[in-house]
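Geometric and topological summary
What follows is the residue order along each chain.
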Amino acid sequence: MANEKTPLRDTAPTAPERAQKTADRSTVARRRVVVGIIAALVVIAGLWFLFGRGKDSVLTNPFTSSAPPVPTFHFTNVVPKYEALQAHLEKAKLEKAAKHATPTIAKTTTEFLQAGYVDPGGWGDSGSINGFFTDDAKNQVDANVDTLTLGKSASDQFDTFTPNKKGNTIKVTALIDGNLTVTRAAAEFTFKGKAANSDGTSSKVTVTGTLFFVPDGNGDWKIESFHVNRVEQPHKAPSASASASEATP
Amino acid sequence: MTKKLLAIVLGLSAWIGGTVAGTIGNGTAAQATPLFELEKAHADYSPSLDGSTPIFILLMGSDSRPGVTPMDKGRSDSIHILGINPAAHRATIYGIPRDSYVPLSTGGTDKINAAMPIGGPEAEMQTVENVTGIKFDYYVLTGFQQVTQAVNQIGGLEVNVPYSVVGYQQTFPSGLHRMTGQEVLGYSRTRHSLPLGDFDRSLNQGVVLLSALSQFRTEYAKDPTRLYTWLGAGLRTVQTTVPIDELIKLAGLAQSIPATRVTNLVALGTSAMQGSQSIVNLSPENQALWQDMAQDGYILSKDIPKDATPAPLP
């Protein structure tokens, strides 16, 4: 008995036992694969729920959230006009004064539309455009923000606004006093663009209006009065049924 | 067990796949704006005078001829008190016959239109203030040629003529007429063919002012830049103390005061002779109306005594 050695291993299993063990291992492996697939699917579903539903996402997708660059635009047709407040002023001098003021008014109008319409960050946000108005007019911005910008609910419908390259026009009328100073100016504009969503929904947007400007004493012009209209026309079928019906003769 | 798990996996896959596929392209179709439906939005704001403090402006028309007398040294043949109450959205045009025989601020008693040749528009304004007790904020002075130019520069004026008037050069049938500057001047100056002479002429001048208000409101609603056309046409042809900021706010206020909320009346009085000249003795009943107007800027038609109609000229 003193010479008995501790066996290095158990007695070798019988053939049925080996077969059973092999089957058990195989079952465990299969279960692991299935559980792994389920876990992966759950993770995918979770990620989709959190990030993958476009504007309905709970969280912003860190990989795709970088906002597209905001496009810029300019008025392709700029017409200067004038109205003299005193009789017998020289026409050439009046025209010169009007031409001098027009680019500034056109630029301010461009920046105003850029802030409220082109830049999605300004949609429905009176803070983004308040700086363009006189103190009195500023008090009216909140009540009119749905027209002075693309609107409070625009972000629910659209991702981007792309101004048309052509067809944006502005006519600037300068009110000129006896000292040939432009005391006020009116900007009559037509501004067109396309508001679009990544799901294919889009609208043609046309903004027309008149902005009345007054110098603020610091070299800038502020809007003291406004009359703005916007028309939106959805122009692309977002649904398969609509596409199908369009294709049907 | 394995079959159950596979079924779960397949079910989940189908759900996720279907949901994901549904979000691509057509997923939000139900939320999309209906196709081809125009959506419109509108924003409007104009600075306007507000508050219940009335504003009074003296409107004067000089009889000066170009090249003969400066406008502010002519006789003020047309005198109208314009009272406006911004909060009430009401106004009144109160005409004073030019022959009204009153104490002048420049001294003595004479026809009311005689103060301006002596002391200018300020003296005329002071005279009207003394007579009526109404303190003016501003005055506006125009003349024959200036009225003609102003009307032509806005493209004519639609005047609603209440009854047929035989003018110096033409007849103005009752109804709506698009008048040139010359026609407006002719209609405003006509006196001899009117039943109540100077009283009716003053009333017709009020009709022209009301027509201008209506036309401005209509044009501004269609095209706000017409404001500058009117401002230019006005300021190039009149002499006024109304600052441009105030004019712009008055234009904004005009949008909330239709002509139907403006009372047009002429001072009550009787015609008489003073020596060789025809004069008007203003009725004491005017005092109550002026006091009423001084308080809030307007007089309601119902408050004008019906039996106090001006007497016709002798």
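Sequence order sets the numbering: in each chain, residues are counted from 1 along the sequence as written. All chains are assigned letters beginning at A, and all ligands numbers beginning at 1, according to the order in which they are written. Two thresholds apply to this predicted model, a pLDDT of at least 70 for residue-level local features and 80 or more for giving and counting side-chain atom pairs, whereas whole-chain, interface and lining totals are computed over all residues. As a rule here, side-chain values come from all non-hydrogen atoms in the structure, and water together with hydrogens is ignored.

Turning next to the overall build of chain A. Secondary structure elements are defined from DSSP: runs of H or I of at least 4 residues count as helices, runs of E of at least 2 residues count as strands, and each element is numbered from the N terminus. Counting its secondary structure elements, chain A contains six helices and six strands. When the elements of chain A are put in sequence order from the N terminus, they spell out α-β-α-α-α-α-β-β-β-β-β-α. For each residue, the accessible area found with a 1.4 Å probe, counting protein chains only, is set against the maximum for its type, and the residue is called buried under 20%, exposed over 50%, and partly exposed in between. When burial is assessed residue by residue, chain A has 39% of its 249 residues classed as buried. Only heavy atoms matter for contacts: two residues are in contact if any of them lie within 4.5 Å across the pair. Long-range contacts, defined as pairs at least 24 residues apart, comprise 62% of the intrachain contacts of chain A with a sequence gap of at least 6. Looking at chain A as shown, the accessible area adds up to about 14100 Å², and 54% of this sits on carbon and sulfur atoms. All accessible areas in this document rest on Shrake-Rupley with a 1.4 Å probe, and a residue is counted as covered only by the protein chains that are shown.

This brings us to the overall build of chain B. Within chain B one finds eight helices and 15 strands. Classification of the 314 residues of chain B by burial places 50% in the buried group. At a minimum sequence separation of 6, the contacts of chain B that also span at least 24 residues come to 64%. Surface accessibility of chain B: about 14200 Å² in total, with carbon and sulfur atoms responsible for 56%.

Let us look at empty space enclosed by the protein. Note on definitions: the grid is 1 Å and covers protein atoms alone; a cavity is a set of points where a 1.4 Å probe fits but cannot get out; a pocket is an open set with protein on both sides within 12 Å along at least five of seven lines; lining residues have an atom within 4 Å of a point. Grid points are joined across faces, edges and corners, and a volume is the space filled by probe spheres set on the points. Evaluated as defined, the whole model comprises two cavities of 30 Å³ or more. Along the walls of the largest cavity sit A:Phe212, A:Glu224, A:Ser225, B:Ser46, B:Pro47, B:Tyr220, B:Leu227, B:Tyr228, B:Ile248, B:Ala251 and B:Gly252, which together make up its complete lining. Looking at the lining of the largest cavity, the elements that each hand over two or more residues are β6 (221-234) of chain A together with α6 (226-237) and α7 (244-254) of chain B. Empty space within the second largest cavity amounts to approximately 30 Å³. Residue lining of the second largest cavity: B:Asp77, B:Ser78, B:Ile79, B:Ile96, B:Pro97, B:Arg98, B:Asp198, B:Arg201, B:Ser202 and B:Gln205, and that is the complete set.

A pair of aromatic rings is counted whenever rings of Phe, Tyr or Trp (Trp by its six-membered ring) have centres within 6.5 Å, and the orientation is called stacked for planes under 30 degrees apart, edge-to-face for over 60 and tilted otherwise. All told, the structure shown has 14 aromatic pairs over all chains when counted by the stated rule. Ring geometry for A:Tyr117 versus A:Phe161: centroids 6.1 Å apart, planes at 65°, classification edge-to-face. Placement of A:Tyr117 in helix α2 (residues 91-118) and of A:Phe161 in strand β2 (residues 160-163) is noted, with a sequence separation of 44 residues between them. Using a relative accessible area of 1% as the deciding quantity, one classes A:Tyr117 as buried. What links up through ring pairs into an aromatic cluster is the set A:Phe73, A:Phe75, A:Tyr117, A:Phe161 and A:Phe191. Only when the NZ of Lys or the CZ of Arg is both within 6 Å of the ring centre and within 35 degrees of the ring normal is a charge said to sit over the ring. In this structure, B:Arg189 packs its charged tip against the face of B:Phe144, placed 4.2 Å from the ring centre.

So, on to the sheet that holds strand β13 (residues 262-266) of chain B. All names here are of chain B. The mixed open sheet is built from six strands, whose spatial order is β12-β7-β2-β3-β4-β13. This sheet does not close on itself; its edge strands, each paired only once, are β12 (239-240) and β13. In the sheet, strand β4 (residues 90-96) pairs with β13 via five bridges, with the strands oriented parallel. Considered in β13, the bridge of Gly95 is made with Val266. Orientation is described by lines fitted to C-alpha atoms, with helices fitted over the stretch in contact, and by angles between N-to-C directions that extend from 0 to 180 degrees. Along the sheet, helix α3 (residues 144-153) contacts β2 (55-62) and β7 (138-143); its crossing angle with β7, the most-contacted strand, is approximately 90°. A pair of strands counts as paired when DSSP detects no fewer than two bridges linking them.

With that settled, the discussion passes to the confidence of the model for chain B. Residue and element names in this part refer to chain B. In predicted models, pLDDT denotes the confidence assigned by the predictor to each residue on a 0 to 100 scale. Summarising the model, chain B shows a mean pLDDT of 89, and 86% of its residues fall at 70 or more. Segment residues 20-35 is flagged for pLDDT under 50; beyond a separation of four residues in sequence, or across chains, it makes 22 contacts in the model. For this predicted complex, the interface score ipTM comes out at 0.83, while the overall pTM is 0.79.

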